[in-house]
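As a plain string of letters, each chain reads:
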Amino acid sequence: MVVLPQPVTLDNHISLIPSYKPVPVPVLTSHSIPVVDLTDPEAKTRIVKACEEFGFFKVVNHGVRSELMTRLEQEAIGFFALPQSLKNQAGPPEPYGYGSKRIGPNGDVGWIEYLLLNANPQLSSPKTSAVFRQTPQIFREAVEEYMKEIKEVSCKLLEMMAEGLGIEPRDTLSKMLREEKSDSCLRLNHYPTAEEEAEKMVKVGFGEHTDPQIISVLRSNNTAGLQICVKDGSWVAVPPDHSSFFINVGDALQVMTNGRFKSVKHRVLADTRRSRVSMIYFGGPPLSQKIAPLSCLVPEQEDWLYKEFTWSQYKSSAYKSKLGDYRLGLFEKQPLLTHKTIV
């Protein structure tokens, strides 16, 4: 187990961080959380069902070496343990780089510090370079090796989704991540141990939101905090598992499946006993990629629930929104009004 140095202090804006009064939250057990074994011949069917019902599932037997995941976690912890003045040299995020408490440019805050790194070496990022200048070479090597393997896992999952949905060719979805100019990124989150508050209030680490990209692949240490919103609108806690990945359907994939797959709303609450470290790979298409319901799933445009847009347009719109906004609302097609003739 990797142990975080204590204490870690996040500066500024503490009073602005939202808190919740704890209420009993159901826990997704191993019997209720969708779990997909990638060696299972029925994996593609299970993936489709999980994406339809939850927009979320857990992956086991994924083939990524545990030592690679642990090494990146250790390197991330090493960065977050640096003096604040050194970490600040890699920020503020634009959107890549180091950030503390502020999540985006629109006033959202959380009990968190993070690194957002560009996953595509073809697209230069000064802030990503600044992060690597503040860290030893082994940090960059761990990041690049991890992103390479997680990209392959993401593509494999998208190809299994395509097979399960009957989409041809099989790489219709995955080729967007394999494109030379794919717009993917890696986020390393650190949620320090939260201070005890009056009336046992719980600090929000990362407020409720959906992920705008195609797919998100999350791995964390064994600290709890992740919750997802299920169909009836209630929140359920997801038990941590440092050896597995948790997959989120993103907004773009919801659009491409015309709403059949659901982009899952999720959040993280800070823990008062242990720090949480997570790493999330966001698989995104090239900026110029057109996003619309796939014609093989929805042959008639009149049946589309969403307008066509480019990933650049949606990314720009999402960046201007608040964290909890329903971003897809701007891109939904309005139903045609029928006019009855009055005699």
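- Going by the annotation in an unreviewed UniProt entry, the name recorded for the protein is gibberellin 2beta-dioxygenase, with Capsella rubella given as the source organism.
- Taken from UniProt, the Catalytic activity (unreviewed entry) comment for the protein reads in full: "gibberellin A1 + 2-oxoglutarate + O2 = gibberellin A8 + succinate + CO2".
- In its Function (unreviewed entry) section, UniProt records this for the protein: "Catalyzes the 2-beta-hydroxylation of several biologically active gibberellins, leading to the homeostatic regulation of their endogenous level. Catabolism of gibberellins (GAs) plays a central role in plant development. Converts GA9/GA20 to GA51/GA29 and GA4/GA1 to GA34/GA8."

**Focus on helix α1 (residues 43–53)**
Phase 1 of the analysis: When we look at burial in α1, the residues that qualify are Ala43, Ile47, Val48, Ala50 and Cys51. Along the axis of α1, the buried residues cluster in a sector spanning 165°; they form a single face.
Phase 2 of the analysis: Buried-residue contacts for α1 involve β2 (35–37), β3 (56–60), α5 (137–165) and β11 (245–249).
Phase 3 of the analysis: The first or second residue beyond α1 is Gly55, which carries a positive phi of 70°.

**Quick notes on the pattern of salt bridges**
Phase 1 of the analysis: Within the structure shown, the criterion is met by 18 salt bridges.
Phase 2 of the analysis: The salt bridge involving Arg178 is made with Glu159; its shortest N-O contact spans 3.8 Å. Of this pair, Arg178 sits in helix α6 (residues 174–178) while Glu159 is found in helix α5, placing the two residues 19 residues apart along the sequence.
Phase 3 of the analysis: For Arg178, a relative accessible area of 39% corresponds to the partly exposed category.
Phase 4 of the analysis: A relative accessible area of 11% means that Glu159 is categorised as buried.
Phase 5 of the analysis: The salt bridge partner of Lys265 is Glu208, with a shortest N-O separation of 3.6 Å. Residue Lys265 is located in the loop between α7 (251–256) and β12 (266–269), and its partner Glu208 is located in strand β7 (residues 202–209); the two are separated by 57 residues in the primary sequence.
Phase 6 of the analysis: For Lys265, a relative accessible area of 33% translates into the label partly exposed.
Phase 7 of the analysis: Given the relative accessible area of 27%, Glu208 is considered partly exposed.
Phase 8 of the analysis: When salt bridges that share partners are traced, they join Arg65, Glu67, Arg71, Glu145 and Glu149 into one network.

Rules and cut-offs
Residues numbered from 1 in each chain as written. Predicted model: local features only at pLDDT ≥ 70, side-chain atom pairs only at ≥ 80, totals over all residues. Heavy atoms only, no water. UniProt positions renumbered as here; feature names shortened; annotations may be inferred. Buried < 20%, exposed > 50% of the residue type's maximum accessible area, 1.4 Å probe, protein only. Helix = DSSP H or I, 4+ residues; strand = E, 2+ residues; numbered from the N terminus. Arc of directions from axis to C-beta. Contact = heavy atoms within 4.5 Å. Salt bridge = Lys/Arg side-chain N within 4 Å of Asp/Glu carboxyl O.

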